[in-house]
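# Observations on the model geometry
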Amino acid sequence: MQERIKAVQRRIKRFTAKRRSPQVRPGDSGPSASADTALVSVVIPVFNSMPYLAELLESLDKQDLDPAQFEVIAVDDGSTDPSGKLLDKVAARNAHFRVIHQANSGWPGKPRNVGIDASKAPYVFFCDGDDRLGPETLRRMVDYALRHDVDVVVPKLVGVNGRRVQASLFKETEADVDRRKILGTLSPQKMIRRDLLDSHGIRFHEDKVRLEDGMVMAQCYLLANRVSVLADYDYYFIRTRDDGLNISSERTVAEGYTWSVGEIARIIKENEKDQDRADLMVLDLYRRKCLRTYDPERFGRLGRSIRSRWVEAHAEFVERYIPESLESELSPIFRQRSQLVRARDLDGLERLAGSETLLRAIPHSSSVQINSDGSAVLAFRMEPAGGFDELFLALRRRGGGKDEKLLLQSGSAGSGIYSVTVPGGLLRGYQGNIVDCFVEASVGGFSGPPQRVLIGDDVPLPSRENGVRAYSTIHGNLSLDLR
């Protein structure tokens, strides 16, 4: 391990030695005292970031990494609030800080590029002025990157003030994270090997282009030799601003945003050698960045002419990047959305959005009966209730296998209870297994996703009968044990 660390350090020295000294221009405080010794440059695009900027700078001041091993390059993009003055004040008392003032460019891409070009360190870490770091963040990231020869370090994000993060990505540290998985986070708060950026000419779009950070990150992930996720510490606290002025909250234009999604798709297709896998990566992107537009609450806020523009833009994306055969990989709601987008069927999308509450209705078990012939009678109520075309019980063998589906029958008028008898012969086919119970709804000609059946403590469960035991799982779901 020590030999590997020494080899990486020799590589860093060679890389640093061949870099030209950054040029100093008006409004630039000049190279920091750590410019030649830093292992990481923290690049911060700043525009009207007060009062949050003070918290970020304080968190950088509290880093337990030797200041000689990191520098902060803050690029003030024409702030009109006190952000620029605060940066100058902090840089005056911190020799490892550098401040560059420039005319407003209107987007984070240019200040980030200016920061990259001003740095000499072998790693660059992108922060935003609204956020903050844990005190051990830089040391932990640098140590890990050097020890494991990492090109892209993805630190654990923690949401602040309601900011949502993809917590599933940060369940455990992974030295070599799956590229399809890591494409789930396209925000720029990553530490990237400088040589990766330079050797491939990777830079941010400097015009007002949505998802410009996603274009950079997609290239970095797919061209890197090693991408690592660090989940052992709360590294980066990412914030939703109280004033709602996060860049990501700005109103999006259908055509421009979808063009940006297409650029990321193009990058994936051009840089992922396995084209079947590339298709799945693009499908994931399409589901997250396009099909979520049709979530009922979001879609409902749009005027009809805007809805039509989104459908047209997405249809063009589908025609270029999403073969019909790929739609089978989507869950039922998303698959139906995609089919309607492909057909440019705005009316259908509006009907689907209006049906989704019922399509996602949650089944609650109201009674369970095991008969002497080995059959089972299961009854349910749905929340919300009413308006279903059909309801089906879906039995799923735990561990995999094809679902068996049985039509539910409605009870007396107004009872809201649906029931089904599962034949003993069918259950005997599951002998030696656990069977999980789901209900699928059909509304207005659309099909809902399988929803796990909930069972409350107030519902009595019969004792084992003819090798069948009904029970409530640790999560309060109904299952049948035939072992």
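Source: prediction; values computed, not measured.

## A closer look at the pattern of salt bridges
All told, the structure shown has 44 salt bridges when counted by the stated rule. Between R112 and D128 there is a salt bridge whose closest N-O contact spans 2.9 Å. Taken as a pair, R112 in helix α4 (residues 109-118) and D128 in the loop between β4 (123-126) and β5 (132-133) lie far apart in primary sequence, 16 residues in all. Assessed through its relative accessible area of 18%, D128 is described here as buried. Counted as one network, the salt bridges with shared partners bring together D64, E136, R139, R140 and D232.

## Notes on the pairing of strand β12 (residues 376-383)
Alignment of strand β11 (residues 362-370) against β12, held across eight bridges, turns out to be antiparallel. Paired with V368 across the bridge in β12 is L378. In sequence, β11 turns back onto β12 through a hairpin of five residues, with G374 there showing a positive phi of about 90 degrees. Note that β12 and strand β16 (residues 417-422) share six bridges and pair antiparallel. Its bridge partner lying in β16, V377 is registered against T421.

## Examining the packing of aromatic side chains
For the structure shown, the criterion picks out eight aromatic pairs. Ring centres of F125 and Y236 lie 6.1 Å apart, and the angle between their planes is 85 degrees; on these two criteria the pair is classed as edge-to-face. Linking F125 in strand β4 with Y236 in strand β10 (residues 236-239), this pair joins segments that are 111 residues apart in sequence. Like F125, the residue Y236 is buried in the burial classification.

## Regarding helix α10 (residues 275-289)
In a regular helix each residue adds 1.5 Å, so 15 residues correspond to 21 Å; α10 covers 20 Å between its end C-alpha atoms and thus fits that length. Every buried residue of α10 is listed here: A278, D279, M281, V282, L283, D284, L285 and Y286. For α10, the elements touching its buried residues are α6 (179-182), α8 (212-223), α9 (254-271), α12 (304-321) and α13 (332-342). A distance of 3.1 Å separates the backbone nitrogen of D276 from a side-chain oxygen at the start of α10, and that oxygen is part of D274.

## Comments concerning the nonpolar core
By size, the foremost hydrophobic cluster in this structure holds 136 residues, and its most contacted members are L60, F125, V152 and L393. Setting aside residues no more than four positions away along its own chain, V152 makes contact with K190, M191, I192, L196, M217, C220, Y221, A224, R226, V227 and S228. With five residues, the next largest nonpolar core counts I73, V75, I100 and A118 among its residues.

## Some thoughts on the sheet that holds strand β9 (residues 227-230)
Pairing within the open sheet is mixed, and its seven strands lie in the order β3-β2-β1-β4-β8-β6-β9. Each edge of the sheet is formed by a strand with only one pairing partner; in this case those strands are β3 (97-102) and β9. Each strand of the sheet is rotated relative to its neighbour by a mean of 20 degrees, with strand direction disregarded. In this sheet, β4 lies alongside strand β1 (residues 40-46) in parallel orientation, the contact comprising four bridges. Note that in β4 the partner of V42 across the bridge is F125. Strands in contact with helix α2 (residues 52-61) are β1, β2 (70-77) and β3; relative to β1, the strand with the most contacts, it is inclined by about 170 degrees.

## Observations concerning the environment of F446
Considering the arrangement of structural elements, one finds F446 in strand β18 (residues 446-447). For F446, a relative accessible area of 10% gives the class buried. Put simply, F446 and V153 are 293 residues apart on the chain and 43 Å apart in space, counted from C-alpha to C-alpha. The residues touching F446, leaving out its near neighbours within four places in the chain, are Q336, L340, G348, R351, L352, S355, L359 and A441.

## So, the environment of D66
Its location among the elements puts D66 in the loop between α2 and β2. Remark: the alpha-carbon pair of D66 and S34, spanning 32 residues in sequence, is separated by 9.9 Å.

## Quick look at α4
Along α4, eight of the ten residues are buried, which leaves the element largely enclosed by surrounding structure. Among all positions of α4, only G109, P111, R112, N113, V114, G115, I116 and A118 are buried. Those residues of α4 hidden inside the fold are in contact with β1, β2, β3, β4, α7 (194-199) and α8.

## Quick notes on the sheet that holds β12
The four strands are arranged β11-β12-β16-β15 in an open sheet whose pairing can be described as antiparallel. Only two strands of the sheet have a single neighbouring strand rather than two, namely β11 and β15 (409-410).

## Digging into the packing of α13 against helix α14 (residues 346-359)
Between α13 and α14, whose axes approach to 10 Å, the crossing angle comes to 170 degrees. With respect to each other, α13 and α14 are oriented roughly antiparallel. Here α13 contributes I333, Q336, R337, L340 and V341 to the contact with α14, which in turn contributes G348, L349, L352, E356 and L359.

## Some details on the confidence of the model for the protein
In the predicted model, the protein carries a mean pLDDT of 92, and the fraction of residues at 70 or more is 93%. Contacts for the low-pLDDT stretch residues 15-22, under 50 throughout, to residues beyond four places or in other chains number 19 contacts.

## Quick word on unusual backbone geometry
Most peptide bonds take the trans form, and the phi angle of most residues other than glycine is negative. Residue P51 is reached from M50 by a cis peptide bond, and omega for that bond is 5 degrees. By the element assignment, P51 lies in the loop between β1 and α2. Following E383, the chain continues to P384 via a peptide bond in cis, the omega torsion being -5 degrees. Assignment of secondary structure puts P384 in the loop between β12 and β13 (390-397). The phi dihedral of N48 falls on the positive side, at around 45 degrees, and the residue is not glycine. Among the secondary structure elements, N48 is positioned in the loop between β1 and α2.

What counts, and where the lines are drawn
- Residues numbered from 1 in each chain as written.
- Predicted model: local features only at pLDDT ≥ 70, side-chain atom pairs only at ≥ 80, totals over all residues.
- Heavy atoms only, no water.
- Salt bridge = Lys/Arg side-chain N within 4 Å of Asp/Glu carboxyl O.
- Helix = DSSP H or I, 4+ residues; strand = E, 2+ residues; numbered from the N terminus.
- Buried < 20%, exposed > 50% of the residue type's maximum accessible area, 1.4 Å probe, protein only.
- Pairing = 2+ DSSP bridges.
- Phe/Tyr/Trp six-rings, centres within 6.5 Å; stacked < 30°, edge-to-face > 60°.
- Expected span 1.5 Å × (residues − 1).
- Contact = heavy atoms within 4.5 Å.
- Polar contact = N/O pair within 3.5 Å; in protein donor to acceptor, adjacent residues only side chain to side chain.
- Core = buried A, V, L, I, M, F, W, Y, C linked by side-chain atoms within 4.5 Å.
- Axes fitted to C-alpha atoms, helices over the stretch in contact; angles between N-to-C directions.
- Parallel < 35°, antiparallel > 145°, perpendicular 65-115°, else oblique.
- pLDDT = per-residue confidence, 0-100.

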